[in-house]
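# Summary of structural features
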Amino acid sequence: MRFCVFLLALSLSFSLPAAGKKDALAGELTIFHAGSLSVPFKEISDAFIKIHPGLKINLESAGSRQCARKITELNKPCDVMASSDFTVIDSLLIPDYAEWNIKFAANEMAIVYHQNSRMSQVINEQNWYRFLQMKTVAFGRADPDSDPCGYRSVIVMKLAELYYKTPGLTESLLKKDIRYIRPKEVDLLSLLEANEIDYIFLYKSVALQHKLKYISLPDEINLKSPKFIDLYASVSTEISGTEPGSKTLQKGDVMTYGVTIPKNAPNPVAALAFVDFLLGKKGMAIMEKNGQPGTVPSVSETYTLLPESLKKYALPVTK
């Protein structure tokens, strides 16, 4: 009997330390992210916390360009920065504030609405641009200087003008409903819910996450298809530059999200673990479930500067 008790105690002595082993990750982890990542990043953070309960994750949502300016202009502490447009990281953070960038998810532009939106019973892929010009219909869009969804909305208007062969369409839409421009795309959802606006130039993923109706746009317009990358790049719009008062030209491009860890991240070990989790199978499954298909691995122009543990999620540039 005593021998059996001894064996039981011995087995427990090997199993308990492993089960009760203290997690090396602790403290706070601050993540700046695009508004369109709010839903999936909350789910990913919850899943990550279950593995690392000693961590406290602070999620801060804003337009991607606004997120970058929090780092470059306001010097706010940030451990992970995830942008709805990977070029925001390239142009505003690299090389002074970050070293590398990994492309990790895709999306597409859509026209989002709900059952109470005016003309919702007759609007479709072929006529939406006519109804949005009507005085009795109101639409919202994000600020191009704060949020990629804002300049992508302008790019969609210009591509639509070409696709539907409607000269003057872009100018007509840009002059209309200016009062409904907001800093980031998800700010427009409250206006839609309050019936102040009828439609939003918005990401399809946000519509899916919030169970809203949407009009799927042709691939020649929606910024989804690499097949039409040259067509997308044929139009552009001006947005604010890196210096106050300056302007830069933003060309159309396929929608691709990017993620990085700033050089001065307060909790770099936890940041690296989070990005590893995000880009792994569980993180990508959550992104896919929320309408944002993964693009891992994708070519990274900063591949040689990536942490070794993250190189499996990217590809080097080949000549």
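Residues numbered from 1 in each chain as written. Predicted model: local features only at pLDDT ≥ 70, side-chain atom pairs only at ≥ 80, totals over all residues. Heavy atoms only, no water.

## Observations concerning the side chain of S153
Applied cut-off: Strands here are runs of E lasting at least two residues and helices are runs of H or I lasting at least four, both read from the DSSP assignment and numbered beginning at the N terminus. To sort residues, take the accessible area from a 1.4 Å probe on protein chains only and compare it with the maximum for the residue type: under 20% means buried, over 50% means exposed, and anything in between is partly exposed. Contacts are assigned to residue pairs with any non-hydrogen atoms lying within 4.5 Å of each other.
Relative to the assigned elements, S153 resides in helix α6 (residues 148–163). Residue classification places S153 among the buried positions, given a relative accessible area of 0%. Each residue touching S153, except ones within four places of it in the same chain, is listed here: M109, R141 and F201.

## Some details on the side chain of Q250
Within the secondary structure, Q250 is located in strand β11 (residues 247–251). For Q250, a relative accessible area of 15% corresponds to the buried category. Leave out the neighbours within four places in its chain, and Q250 touches D85, T87, Y151, I155, V235, S236, T237 and I239.

## Focus on the environment of T302
Residue position: T302 is located in the loop between β13 (298–299) and β14 (314–315). Overall, the relative accessible area of 12% leaves T302 in the buried class. T302 sits 49 residues away from D253 along the chain, and the two C-alpha atoms are 19 Å apart.

## Regarding the packing of helix α2 (residues 38–51) against helix α12 (residues 281–289)
For the record, the criterion: Between N-to-C directions, angles span 0 to 180 degrees; the directions come from axes that are lines fitted to C-alpha atoms, helices contributing only their stretch in contact. Should an angle lie under 35 degrees it is considered roughly parallel, over 145 roughly antiparallel, and from 65 to 115 roughly perpendicular; all remaining angles are considered oblique. Less than a right angle of anticlockwise turn of the near helix away from the far helix marks a crossing as left-handed, whereas a clockwise turn marks it as right-handed. Residue classes follow a fixed rule: Ala, Val, Leu, Ile, Met, Phe, Trp, Tyr, Cys and Pro count as nonpolar, while Asp, Glu, Lys and Arg count as charged, and any other residue, Gly among them, counts as polar.
At a minimum axis separation of 9 Å, α2 and α12 run at an interaxial angle of 150°. If you check the angle between α2 and α12, you find them roughly antiparallel. The handedness of the crossing between α2 and α12 comes out as right-handed. Contacts between α2 and α12 involve P40, F41, E43, I44 and A47 from the former and G283, I286, M287 and K289 from the latter. Considered class by class, the residues forming the contact of α2 with α12 number six nonpolar, one polar and two charged.

## Some details on the packing of aromatic side chains
Note the following rule: Working definition: a ring pair exists when centres of Phe, Tyr or Trp rings (six-membered ring for Trp) sit within 6.5 Å. Plane angles under 30 degrees give stacked, over 60 give edge-to-face, the rest tilted.
Enumeration over the complete set of coordinates arrives at twelve aromatic pairs. Pairing F41 with F274 gives two aromatic rings, centres 6.0 Å apart and planes at 70°, and the pair type is edge-to-face. Taken together, the positions of F41 in helix α2 and F274 in helix α11 (residues 268–279) put the pair 233 residues apart, joining distant regions of the chain. Of the residues examined, F274 reaches a relative accessible area of 0% and is grouped as buried. Ring centres 6.1 Å apart and planes at 70° place the aromatic pair F104 and Y257 in the edge-to-face group.

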